[in-house]
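Chain by chain, the residues run as shown.
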Amino acid sequence: MHFQRRQYYMNLLLLAYQSFGVVYGDLSTSPLYVYKSTFSGRLRQYQDEETVFGVLSLIFWTFTLIPLLKYVTIVLSADDNGEGGPFALYSLLCRHAKLSLLPNQQAADEELSSYYRNGFAPRNGSAPGLRRFLEKHKKMRTVLLLIVLCGASMVIGDGVLTPAISDVDPIVLHIQFVSYPGSVVLLSCIVLVGLFALQHRGTQKVAFLFAPIVIIWLFSIGGIGLYNIIHWNPNIYRALSPYYMVKFFRKTGKDGWIALGGILLSMTGSEAMFADLGHFTSASVRVAFVTVIYPCLILQYMGHAAFLSKNTFHMPTGFYHTIPEPVFWPVFVVATLAAVVGSQAVISATFSIVKQCQALGCFPRVKVVHTSRWIYGQIYIPEINWILMVLCVAVTVAFRDTTLIGNAYGIACMTVMLVTTFLMALIVIFVWQRNIIFALVFLVFFGSIEAVYLSSSLMKVPQGGWVPLVLAFIFMSVMYIWHYGLRRKYQFDLQNKVSMRSILSLGPSLGIVRVPGIGLIYTELVTGVPSIFSHFVTNLPAFHEVLVFLCVKSVPVPYVSPDERYLVGRIGPKEYRMYRCIVRYGYKDVQRDDDNFENMLVMSIAKFIMMEGRMAVITTTDDAGTPLSMRDYNGLADSITTRSSKSETLRSLQSSYEQESPSVSRRRRVRFEVPEDDDMGQQVKDELMALVEAKHAGVAYIMGHSYIKARRSSSFLKKFAIDVGYSFLRKNCRGPSVTLHIPHISLIEVGMIYYV
């Protein structure tokens, strides 16, 4: 017991150490520009000690209430099986209430063991009326999706603005000291291009390297803050009283309210604590924040305020003027490195958000490169990386001033925080099943604080604040148009699926020639036969002996365990040899190009056939082909494994691997054998033999190559969204066969036109 406890604390400290380099880079570099942005506007005319005390009081209570109380204490507890971010909260809501816009979503994931891991099964909860209202009205569910997409879009905008403000500010100061002002933009662009060019290396190799940089930076600014407090104004602690906030607004009025757009930069990066939660644990993130982040940053803000209270002429300047001269250059170097780390963290978070959006059908298909074998969340997306680089360089060239970039940065961060607050209020009701009063208190308290800060930032829209709004509108339009197109395509398939009556009337041969082999028909439907099947056999009246309707689903959980990945069912009578398989992936799962996919699929169907043969009464599927319960399926797998260890006659899951020459290929050849089991009926043996022979004959992948067009009677907006927007995105994104890693030599595409 003592050893286990010691091991737990060692792992906790190790994760906390790593979190400094990934999670807290952005938050820890906020002192670089908070005071500079705050005193850069109208507040510049209030150059006195009382104003400085008021600003420090606002920073202290803002930093205490939002990052510490809201995120560390409350929001980190709302993880989705260890994952965080706006889409993690949305997936939690969709699992505990029917809020998804895609019908029949729960048919693919309701049997997962991790579906209600925290023990909160869906029920009416404390607000059944609110639940029914949201589930009944599609427009309200659409609004909820738009809110989530807005938060995700602002995170992407954060990925554009953070490198600009973090990397440009140290360069600007350095150029000011060496007196080459014309080189600011050029050097800034070189640093930014270099930063994005290194993204393909991944974050794993530099995690341990970046963590000590951030830790050294934090202790440096904490020590500098303590020195400035003692040297300049030891009475600065009095500014922690809320009384000075009241005096600040009485004195400055509207000017003080506008200055909140600079003060809110002190909490930017708080969302990263939740968005990057999948890399660590909530306990490690909390330990790092409470023990190092919070005290060091508070000391820095107090020390900076103590310096400004006695040097009011330095109010419009940045952090670097508060550094004692003997340690200036070492701290400057550490600050520059820490700023780069902060940028890396936000860029990585952007990749994760895009990956989650794509998995849940809200972003076009892009190439996802996994840079780590052990940590699924460490990914690299080339297209997004270069788009971010171009946008970031464009922002740097256009603005050239970190104050203007800070105005845009604040709007992006506050919007994400407001979205999180709203979703958390719904989590309190539907997931935690608390009284609606608790949700209203949470929403009103934190939402009002964040709304005040956001309103102040919106006043600076003409001074650079329009940038995140434009970026968010563009990315939201892309996400929603793609999701809308997929939803309309799914509804068309659902309404035009082939009826079981027509299939049964054709007989076991289906009225066509059945050739050896397995035909995998990809479809989005979890029940029924898609229209692509009838379209195929109409033009080519021949098909494979074994038909498998394959549905690949991204379910609203982070990861799906391998033994729960496949749901198998039967379509029609046994002699038809038609099956349905739902392959499920979590939104953080890695869909690798695995040679073993076909083998695992055949083994899953074999297990299903054997279990069906062992049951006294067939309870597999209805006529629509609903998959078998995974609980029964896994129970069969356990019994098969046990029997295989006791008897050599049961070899249905045994396979012989033939390794080819490494110089030719690393693909494994698998040959299945039918079990010699006396307890197994002859009908089951015949079906297994047919499956094995079909597998040896070869596997073909049939996929629809669809074109979606709006009907002539559709509105102009719908025609533009479908015929222009969705068509453009479909033509310029990765094809579904590439995303699903389908062997090109075995692919058959069927052209279809969808009029929606």
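Going by what an unreviewed UniProt entry lists, the protein chain is known as Potassium transporter and is assigned to Digitaria exilis. What the UniProt record of the protein chain gives under Function (unreviewed entry) is the line "Potassium transporter."

## A few points about the overall build of the protein chain
Summing up its helical and strand segments, the protein chain has 25 helices and 10 strands in all. Residue burial in the protein chain is summarised as follows: out of 756 residues, 57% are buried. A fraction of 83% describes how many contacts in the protein chain between residues 6 or more apart in sequence connect residues 24 or more apart. Taken as a whole, the protein chain presents about 31700 Å² of accessible surface, with 61% of it coming from carbon and sulfur.

## Remarks on the sheet that holds strand E9 (residues 699-709)
Spatially, the 6 strands line up as an open sheet ordered E5-E6-E4-E3-E9-E10, and their pairing is mixed. Of all strands in the sheet, those bounded by a partner on one side alone are strand E5 (566-570) and strand E10 (747-755). The mean angle between the axes of side-by-side strands here comes to 25°, regardless of whether they run parallel or antiparallel. Two strands pair when backbone bridges link them, and strand E3 (residues 513-522) and strand E4 (residues 542-555) are joined in this way by 8 bridges, in the parallel orientation. Across the sheet, residue Val513 finds its bridge partner in E4, namely Ala542.

## What to know about the nonpolar core
Among the nonpolar cores identified, the biggest contains 158 residues, and Phe20, Tyr24, Trp217 and Leu218 are the most heavily contacted of them. It is helix H16 (residues 402-430) that provides the largest number of residues to this core, a total of 18 residues. Among all residues touching Tyr24, those that are not within four sequence positions of it are Ser19, Val214, Met273, Val285, Ala288, Phe289 and Ile293.

## Details of the pairing of E5
Burial runs high along E5: 5 of the 5 residues are buried. Both faces of E5 are covered, namely the face carrying Tyr566, Val568 and Arg570 and the face carrying Leu567 and Gly569. For E5 and strand E6 (residues 578-586), the ladder comprises 5 bridges, and the chain directions are antiparallel. Paired with Leu567 across the bridge in E6 is Ile582.

## Considering the environment of Phe536
Examined against the element boundaries, Phe536 turns out to sit in helix H20 (residues 531-539). Put simply, Phe536 and Gly704 are 168 residues apart on the chain and 9.4 Å apart in space, counted from C-alpha to C-alpha. If we ignore the near neighbours within four places in the chain, the residues touching Phe536 are Ala542, Phe543, Ile702, Ile748 and Val750.

## Details of the pattern of salt bridges
One pass over the full model with this rule turns up 9 salt bridges. Of the charged contacts, one joins Lys247 and Glu50 as a salt bridge, the two residues approaching to 2.9 Å between their closest N and O atoms. Of this pair, Lys247 sits in helix H10 (residues 243-252) while Glu50 sits in helix H4 (residues 49-74), and the two are 197 residues apart along the sequence. In this structure Lys247 comes out as partly exposed when scored by relative accessible area, which is 21%. Overall, the relative accessible area of 30% leaves Glu50 in the partly exposed class. The salt bridge involving Lys70 is made with Glu450; its shortest N-O contact spans 2.6 Å. Residue Lys70 is found in helix H4, and its partner Glu450 is found in helix H17 (residues 436-458); the two are separated by 380 residues along the sequence. The exposure class of Lys70 is buried, given its relative accessible area of 0%. What makes Glu450 buried here is its relative accessible area of 0%. Counted as one network, the salt bridges with shared partners bring together Arg570, Glu612 and Glu687.

## Topic: helix H24 (residues 716-732)
Helix length check: H24, at 17 residues, gives a terminal C-alpha distance of 23 Å against a target of 24 Å (1.5 Å per residue), a fit within 8%. Within H24, the axis deviates most sharply at Tyr726, by approximately 30°. Those residues of H24 lying buried are Lys718, Ala721, Ile722, Gly725, Tyr726, Ser727, Leu729 and Arg730. Residues of H24 that are buried in the fold lie against helix H18 (461-495) and E9.

## So, unusual backbone geometry
At Gln433, a residue that is not glycine, the phi angle is positive and equals roughly 60°. Summarising the element assignment, Gln433 is placed in the loop between H16 and H17. On the accessibility criterion, Gln433 (14% relative accessible area) is buried. Of note in this structure, Arg577 is not a glycine but carries a positive phi near 55°. Looking at the element boundaries, Arg577 is found in the loop between E5 and E6.

## Concerning the packing of helix H14 (residues 328-359) against helix H15 (residues 382-399)
Where H14 contacts H15, the two axes come as close as 10 Å, and the packing angle between them is 130°. One element, H14, and the other, H15, form an angle in the oblique class. Two packed elements cross with a definite hand, and for H14 against H15 that hand is right-handed. For the pair H14 and H15, the contacting residues are Ile347, Thr350, Phe351 and Val354 in the first and Ile384, Asn385 and Leu388 in the second.

## Describing a nonpolar patch on the surface
A cluster of nonpolar side chains, Leu69, Phe422, Ile436, Ile437, Leu440, Val441, Leu443, Val444 and Phe445, forms an exposed patch at the surface whose accessible area comes to about 740 Å². The greatest single-element share of the nonpolar patch, amounting to 7 residues, is contributed by H17. Ile436 gets classed as partly exposed once you look at its relative accessible area, which sits at 31%.

## Looking at helix H5 (residues 86-96)
With 11 of 11 residues buried, H5 lies mostly within the body of the structure. Among all positions in H5, only Pro86, Phe87, Ala88, Leu89, Tyr90, Ser91, Leu92, Leu93, Cys94, Arg95 and His96 are buried.

## Side note on the packing of H4 against helix H13 (residues 282-310)
Following both chains from N to C, one finds H4 and H13 inclined at 170°, their axes separated by 9 Å at the closest point. Between H4 and H13, the angle falls in the class roughly antiparallel. Residues Glu49, Val52, Phe53, Leu56, Ile59, Phe60, Phe63, Thr64, Pro67, Leu68, Val72 and Thr73 of H4 form the contact with H13, whose own contacting residues are Arg286, Phe289, Val290, Tyr294, Leu297, Ile298, Tyr301, Met302, Ala305, Leu308, Ser309 and Lys310. Considered class by class, the residues forming the contact of H4 with H13 number 18 nonpolar, 3 polar and 3 charged.

## Things to note about the packing of aromatic side chains
This structure, assessed with the given rule, holds 32 aromatic pairs. With a centroid separation of 5.3 Å and an interplanar angle of 75°, the aromatic rings of Phe248 and Phe249 are classed as edge-to-face. The class of Phe248 is buried, set by a relative accessible area of 2%. Ring centres of Phe351 and Tyr380 lie 5.9 Å apart, and the angle between their planes is 85°; on these two criteria the pair is classed as edge-to-face. Here Phe351 is found in helix H14, whereas its partner Tyr380 is found in strand E2 (residues 379-380), with 29 residues between them in sequence. Relative accessible area serves as the criterion here: at 1%, Phe351 is assigned to the buried category.

## Looking at the pairing of E9
In terms of strand pairing, E3 meets E9 through 4 bridges, oriented parallel. Bridge assignment links Ile518 to a residue of E9, and that residue is Val699. With 9 bridges joining them, E9 and E10 adopt parallel strand pairing. Residue pairing across strands places Gly704 opposite Val750, the latter belonging to E10.

## Some points on the confidence of the model for the protein chain
Here the protein chain averages 79 in pLDDT, and 80% of its residues register 70 or above. Mean pLDDT values for the elements of the protein chain range from 36 in strand E7 (residues 655-659) up to 94 in H4.

Analysis parameters
As a convention, each chain's residues are numbered from 1 in the sequence order in which they are written. This being a predicted model, a pLDDT of at least 70 is required before a residue's local features are given, and a value of 80 or more before pairs of side-chain atoms are given or counted; all residues contribute to the totals for chains, interfaces and linings. Side-chain metrics in this entry use all non-hydrogen atoms of the structure; hydrogen atoms and water are not considered. UniProt positions are given in the numbering used here, feature names are shortened, and annotations may be inferred rather than shown by experiment. Secondary structure is summarised from DSSP: a helix means a run of H or I of at least four residues, a strand means a run of E of at least two, and numbering begins at the N terminus for each. Between buried and exposed lies partly exposed: a residue is buried under 20% and exposed over 50% of the maximum accessible area for its type, with that area taken using a 1.4 Å probe on protein chains only. Contacts are residue-level and defined by heavy atoms, with any inter-residue pair within 4.5 Å sufficient. Shrake-Rupley sampling with a 1.4 Å probe provides the accessible areas, and residues are treated as covered by the protein chains on show and by no other component. Two strands qualify as a pair provided that DSSP identifies no fewer than 2 bridges between them. All axes here are fitted lines through C-alpha atoms, helices being fitted over the stretch that makes contact, and every angle between N-to-C directions spans 0 to 180 degrees. Nonpolar core, defined: a set of buried Ala, Val, Leu, Ile, Met, Phe, Trp, Tyr and Cys residues in which side-chain atoms within 4.5 Å join the residues together. Within this document, salt bridges are pairs made up of a side-chain nitrogen of Lys or Arg and a carboxyl oxygen of Asp or Glu, the two lying within 4 Å of each other. Here the expected span of a helix is defined as 1.5 Å times the quantity of residues minus one. Note that the bend at a residue is defined as the angle between axes fitted to the seven residues ending at it and the seven residues starting at it. When describing relative orientation, an angle under 35 degrees is termed roughly parallel and one over 145 degrees roughly antiparallel, while 65 to 115 degrees is termed roughly perpendicular and anything else oblique. Less than a right angle of anticlockwise turn of the near helix away from the far helix marks a crossing as left-handed, whereas a clockwise turn marks it as right-handed. In this analysis, a patch consists of residues with relative accessible area above 30% that form no salt bridge, clustered at 9 Å for like charges and at 5 Å for the nonpolar side chains Val, Leu, Ile, Met, Phe, Trp and Tyr. Note on residue classes: Ala, Val, Leu, Ile, Met, Phe, Trp, Tyr, Cys and Pro are nonpolar, Asp, Glu, Lys and Arg are charged, and everything else, Gly too, is polar. The criterion for an aromatic pair is that two Phe, Tyr or Trp rings (for Trp, the six-membered ring) have centres within 6.5 Å, with stacked assigned to planes under 30 degrees apart, edge-to-face to planes over 60 apart and tilted to the rest. The quantity known as pLDDT measures the predictor's confidence residue by residue, on a range of 0 to 100.

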